[in-house]
Each structure stands twice: as C-alpha cells, then as structure tokens.
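# Tertiary structure, described
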Amino acid sequence: MSIMKTLETRNGELYLGGASVSKLAKKYGTPLYLMDEGEIRANCMRYESAMRKYYGENAIVLYASKAFSCKAVYRTVRDCGLGCDVVSGGELYTALAAGMEPEKIFFHGNNKTEAEIREALTAGVGRIVLDSGFELGTVDRIAAELGVTARVSVRIKPGIDAHTHDFIATGKIDSKFGVALENGEAIAFIGEILKAPHTELCGLHCHIGSQIFDTRPFVRAAEVMMDFIAEIRDTYGYTVRELNVGGGVGIKYLDSHDPLTIEENVKNTAEAVLAAAERCGIPAPRLCMEPGRSIVGDAGLTVYTVGSVKEIKNVRNYASVDGGMTDNPRFALYEAAYEAVLPCRPDAERDTVYTVAGRCCESGDILIRDITLPKLTPGELLCVLSTGAYNYSMASNYNRVPRPPVVFIRNGEDRMVVRRETYADVMAKDLD
Ligand code: LLP
C-alpha cells in the first residue's frame, strides 16, 4: 500500500486522502475513480519548489494534459502555478474553459489539423510546438491570415533510447514525433523557421519517453539539446532562449518499482542544463518541464466490485470486476503492471493467485495478471492502485459501457468532478 503516499489503513479499512474508500464506493457506486486532490497539489508543489530551488525563476512547469484532462484538474494545477501542454483541440478547449491562461498553454502534436492551429493561434497560446516542415508552412500561413506572429518551439528527436516500453519511447530517430538531429534534418528545419515571416522561434523541445526510472537519459537529453542550441548559434547566429525537456519520470505501480523522486529528477536535469550552458557559453535558457504521470498517477485509484470468480483447477483463477479495459486499457495495450487492495480488509492474508479480468467481450480485457490476493468473495470491493494517469484519459465506451465518475478528495472531503456517464450519454450522438 505504501506505493500511494496518501493511502492508509484506519480501523481495518482503506482510506485515501483521509476518506473511507468503501464509504465513497457506497455513495457513488462502482466502478469509480478516486483521486486525492491534495496529492495532486503536493506533486505540483514538489515540481514548483524544486524548479525554484535548482533553477530559479526562469522556469515553468507545464502539466501534460494527456495524463488526465478535465476542468477540475486544470483548475487544480493552475492554482499551484503550473501551465499545461495540450495535444488536441479538445484538450485546448477544456483547458481554456477551466481558466488556464493561454500564455501558459503549449500546443503539441505530430499532425495538428488546420482548424486546431487556427484555434490555438486565435486563443493566443504560449507556444505551438512544431513537429514537421509541413506544419511550419501551415502555421506561418494561418498566422499571416490572422495578423499574428506564431511563437513556436520545435520538437527534436535527441536520439536517446530511454529503455522504456517501445511504444512509449519517443526520442529515437525511428519515431513519428519531431525532427531528427543525427541526419541533419533538425538544423536545416531551424533555418526554415528562422526565414518564416510570421513565425518566431522561441524554444526547443524534446520528450524521450515515459515511465522512466533512470536519471541518465534525462541528463543526456538535456546535454544533447544544449549542444544543439550552441550549434544553432554557430550556424545561424541565433540564440534559442527556451528549452523544454518534456515529461517522463516514472511512478511506483508495484512495490518493486524504484522511481526517481520529483526533486531528484528536477535537480539532475537543472544541473545538467546549467552546466551545459556554461560549457557552451550560452545564457541559461528558460527551462520548461512537462510532467503528466508523476503529477496525477499516484494520486488516483479505481474501485471495482468483484463479480464472477472462476477457479479453473490447475489452470487459473479469474476474478471479474464491473469495469476493465474501458476504464483502464493499459494492460491490454502495454501489459502494464498494477497492485490491488481490498478496501474493506486491506491487511487480510494474501493466499490465492487471481487474474483480475474486466467485463468486456474480449479475452485481452485483463487488469492484472496473476496477483496474490485474499480469497475473493463475489460482491466485495477491490481497488486497483495508481490509476490516476492514463486511465480516465484513455477510457472508452467499448461494448457501450458508460465511463465511471471521477471523485476528488481533499482533506477528507469528497466532490464529484466528472459525473458517471449514462446510457443516454453513450447514445447521445446517434441520429434517428
Ligand atoms: N510531453 C510530451 C510531449 C509527451 O509526449 C508526454 C507523454 C509527456 C510530456 C508526459 O509524459 P509523462 O510525464 O506522463 O511520462 N499512454 C501511455 C503514456 C504515453 C505518454 C506519451 N507522452 C501510458 O499509459 O503509459
């Protein structure tokens, strides 16, 4: 249970952020996403204070919306002084509706539509992060039409293998994101941007992957990017004044996971950037970081009700719950590992191995393969831990299953921030 900081046992039952998990399950029903808003705030403040301590004021933390996007989370991170990154018109729309300052929104994406670029420029977002030459043409043309200057950053592939799952390693040359350093594509692209009349080059960006435990790839990426800023200066006489090092610090899904702390990661990256600035003789750039998972991941859990329990002798025990890949597709996609706890008897002896399965018509609809739990009884509650990131945001209506609600807890008080979908919501777009 120690994998989530604000999860504890009180009077023999599970509490998250000071609230009884089983009471909330009774109040809101299951499946249910619970998120400790206090822990989201604490994670934001860990980034904020480490950035001030190790880098100073010329820095900004941008919450990576893709981890979990809804109005309440934007209000929470904004309250803590963070901006955000968005990767779609939908995330941009939600961030603006929640009151996020446009200046503090960075717009990413490897294939933004013209409509999205127009929306972003009209809103006055802080940066459009250019991903390709094709996009530069579109951005410059739309900026001209709107009579504005597009302030851009450029997504660079620094050529770092971050030893993560292949699907989420994005800094390598064989990636759909960004422009590569090692084949000269990036330096040529910078020349094109500097010539574009309605576009101002403000920064460089890289993101080397997600759920990374090792500090070296982050430090190496920062050094490579600083060397590239020096190369741009030497080639074009232009000094880039902002470096965005992306997100990617891992969190603890299992007890055996040993991620860096937020403070360690910020410290190591900040020191690498400052040292490289000195080495290259360039001014320390404005430092941007874009954490997603490490802000919301360990603040959330999902509560389910156990239904059918099948013990297939000498084969496997399946315990099915009332949610599954529709609220958490991460095992189906990445074979991601999770821990589970029974909220009404968290300390009961664990003696039976189960595969916790979802309720969808799909054999791959598994939440956890082979976890040792107390012997399960149909009807009891089961929590899957550390589901705050990339669960609600990746949820679907497969099998027309309505999405669960999201409830925030702060100082023991609960409030629903996303309501449960109804069958009518699921059908709302169907035309007669
Ligand atoms: N910035 C950029 C440009 C990104 O592409 C990402 C994540 C982040 C920031 C935030 O990274 P984080 O701090 O959350 O690691 N769906 C996958 C994760 C995909 C991450 C994609 N990019 C999963 O469920 O593991």
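Refer to the structure printed above.
This report concerns the structure included in the present document. (Residues numbered from 1 in each chain as written. Predicted model: local features only at pLDDT ≥ 70, side-chain atom pairs only at ≥ 80, totals over all residues. Heavy atoms only, no water.)

## Some thoughts on the nonpolar core
In this structure, Y63, F68, I128, V154, L204, I295 and V296 are the most contacted members of the largest nonpolar core, which totals 94 residues. Here the element with the most residues in this core is helix α8 (residues 216-236); it accounts for 11 residues. Each of two domains, domain 1 (7-36 + 297-427) and domain 2 (108-291), supplies a minimum of three residues to this core. Each residue touching I295, except ones within four places of it in the same chain, is listed here: E39, I40, N43, C44, Y47, Y63, V77 and L82. Within the second largest apolar cluster, 20 residues are counted, among which are A19, V341, L385 and V407. (Core = buried A, V, L, I, M, F, W, Y, C linked by side-chain atoms within 4.5 Å. Buried < 20%, exposed > 50% of the residue type's maximum accessible area, 1.4 Å probe, protein only. Helix = DSSP H or I, 4+ residues; strand = E, 2+ residues; numbered from the N terminus. Domains from an automatic or database assignment. Contact = heavy atoms within 4.5 Å.)

## Considering the sheet that holds strand β1 (residues 7-10)
Read across the open sheet, the three strands follow the order β1-β2-β3; overall the sheet is antiparallel. Edge positions in the sheet fall to β1 and β3 (19-20), since each of these pairs with one other strand and no more. The pairing of β1 with strand β2 (residues 13-16) spans four bridges and is antiparallel. If you follow E8 over to β2, its bridge partner there is Y15. (Pairing = 2+ DSSP bridges.)

## Let's talk about the site of the ligand
Near the ligand there are 19 residues, and of these S210, E290, R293, R330 and Y390 occur at the shortest range. At 2.6 Å, a side-chain N or O of E290 approaches a nitrogen atom of the ligand. Note that an oxygen atom of the ligand is positioned 2.9 Å from one of the backbone N or O atoms of G292. Relative to its free-state accessible area of 580 Å², the ligand is covered by the protein chains to the extent of 92%. Inspection of the shell around the ligand shows a minimum of three residues originating in each of domain 1 (7-36 + 297-427) and domain 2 (108-291). (Near = heavy atom within 4 Å. Polar contact = N/O pair within 3.5 Å; in protein donor to acceptor, adjacent residues only side chain to side chain. Areas by Shrake-Rupley, 256 points an atom, 1.4 Å probe, with all protein chains shown as cover.)

## Observations regarding empty space enclosed by the protein
Enumeration over the complete set of coordinates arrives at two cavities of 30 Å³ or more. Looking at the largest cavity, its volume works out to about 70 Å³. Taken together, Y47, F218, V245, G246, G247, G248, V249, N265, T269, M289, E290 and P291 make up the lining of the largest cavity. Of the voids in this model, the second largest cavity is the one considered here, and its volume is about 40 Å³. Y33, L34, M35, F68, G300, T387, G388, N391, Y392 and V406 are the residues that line the second largest cavity. At three residues, the largest contribution of residues to the lining of the second largest cavity is made by strand β4 (residues 32-36). (1 Å grid on protein atoms, 1.4 Å probe; cavity = no way out; pocket = protein on both sides within 12 Å on 5 of 7 lines; lining within 4 Å. Points joined across faces, edges and corners; volume = space filled by probe spheres on them.)

## Focus on the environment of V240
Relative to the helices and strands, V240 is located in the loop between α8 and β12 (242-244). For V240, a relative accessible area of 2% gives the class buried. Each C-alpha atom, one on V240 and one on A284, is 9.9 Å from the other, the two residues being 44 residues apart in sequence. When neighbours within four sequence positions are excluded, V240 is seen to be in contact with L201, C202, G203, L204, I229 and I232.

## Overview of helix α1 (residues 21-28)
An α-helix turns once every 3.6 residues. As a result, residues three or four positions apart point the same way. Every buried residue of α1 is accounted for by V21, S22, L24, A25 and Y28. Take α1 and look down its axis: the buried residues cluster within an arc of 160°, on one side only. Residues of α1 that are exposed and point more than 90 degrees away from the buried face comprise K23, K26 and K27. Positive backbone phi, approximately 80°, marks G29, located one or two places after α1. (Arc of directions from axis to C-beta.)

## Quick look at the layout of surface pockets
The computed volume of the second largest pocket comes to approximately 350 Å³. Forming the boundary of the second largest pocket are 21 residues, of which K5, L260, T261, I262 and D298 lie nearest the centre. Elements supplying a minimum of two residues to the lining of the second largest pocket: α2 (37-54) and α9 (262-280).

## Examining the packing of aromatic side chains
Enumeration over the complete set of coordinates arrives at four aromatic pairs. Ring geometry for F68 against Y392: centres 5.7 Å apart, planes inclined by 85°, an arrangement best described as edge-to-face. With F68 in the loop between β5 (59-64) and α3 (71-79) and Y392 in the loop between β19 (381-385) and β20 (406-410), this residue pair connects regions lying 324 residues apart in the sequence. Overall, the relative accessible area of 19% leaves Y392 in the buried class. The rings of Y33, F68, Y392 and F408 are connected pair by pair, giving a single aromatic cluster. (Phe/Tyr/Trp six-rings, centres within 6.5 Å; stacked < 30°, edge-to-face > 60°.)

Any link to function would need more than the numbers given here.
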